[in-house]
Amino acid sequence: MLKLTQLSHHALTLLGELAERECRFSARDLAGRLNLPISTTAKTCKSLTRGGILISHRGTQGGYGLAKEPNQISVA
């Protein structure tokens, strides 16, 4: 059985939500939708952005979205 850290599980949950909806969400919106802490959600989104998995958009219509198509992202 594969064991994941809490942050890894959190990241996979965020990616699943973004892949399913195929739109942008702010960290606050994602945290609210998934009932997760905002501070951890923001930190996870920043890490995923630095890793090239998410892309960050600024402005009133900004937020986080997938940098690639969902089928091009691998957990490995």
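What you are looking at is a predicted structure, and each value in this text was computed from that prediction instead of being measured.

Asker: Would you take a moment to explain the pattern of salt bridges for this structure?
Answerer: Here the idea is simple: oppositely charged side chains can pair when their charged atoms come close. Applying the stated criterion across every chain, the model contains three salt bridges. Note that Glu17 and Arg33 form a salt bridge whose closest N and O atoms lie 2.8 Å from each other. Of the two residues, Glu17 sits in helix α1 (residues 6-21) while Arg33 sits in helix α2 (residues 27-34), which places them 16 residues apart along the sequence. Residue classification places Arg33 among the partly exposed residues on the basis of a relative accessible area of 43%. Between Glu20 and Arg21 there is a salt bridge, with the nearest N and O atoms lying 3.3 Å from each other. Residue classification places Arg21 among the partly exposed residues on the basis of a relative accessible area of 38%. Linked by salt bridges that have partners in common, Glu17, Glu20, Arg21 and Arg33 make up one network.

Asker: Sorry, what's going on with the environment of Tyr64 here?
Answerer: Inspection of the secondary structure assignment puts Tyr64 in strand β2 (residues 63-66). As for Tyr64 and Leu48, which are separated by 16 residues in sequence, their C-alpha atoms are 9.8 Å apart. Not counting residues up to four positions away in its chain, the partners in contact with Tyr64 are Leu18, Cys23, Arg24, Phe25, Ala27, Cys45, Lys46, Thr49, Leu54, Ile55 and Ser56.

Asker: Got a minute to help me understand the environment of Ser8 in this structure?
Answerer: Locating Ser8 in the fold gives a position in helix α1. Between the C-alpha atom of Ser8 and that of Tyr64, which follows or precedes it by 56 residues, the distance is 18 Å.

Asker: For this particular structure, what's the right way to read the pairing of β2?
Answerer: Across a regular strand the side chains alternate sides, sitting on one face of the sheet and then on the other. As paired strands, strand β1 (residues 54-57) and β2 are joined by four bridges and run antiparallel to one another. Of the residues in β2, the one forming a bridge with Ser56 is Tyr64. Where β1 folds back onto β2 in an antiparallel hairpin, the turn is made up of five residues, including Gly59, whose phi is positive at roughly 105°.

Reading guide: rules and limits
Residues numbered from 1 in each chain as written. Predicted model: local features only at pLDDT ≥ 70, side-chain atom pairs only at ≥ 80, totals over all residues. Heavy atoms only, no water. Salt bridge = Lys/Arg side-chain N within 4 Å of Asp/Glu carboxyl O. Helix = DSSP H or I, 4+ residues; strand = E, 2+ residues; numbered from the N terminus. Buried < 20%, exposed > 50% of the residue type's maximum accessible area, 1.4 Å probe, protein only. Contact = heavy atoms within 4.5 Å. Pairing = 2+ DSSP bridges.

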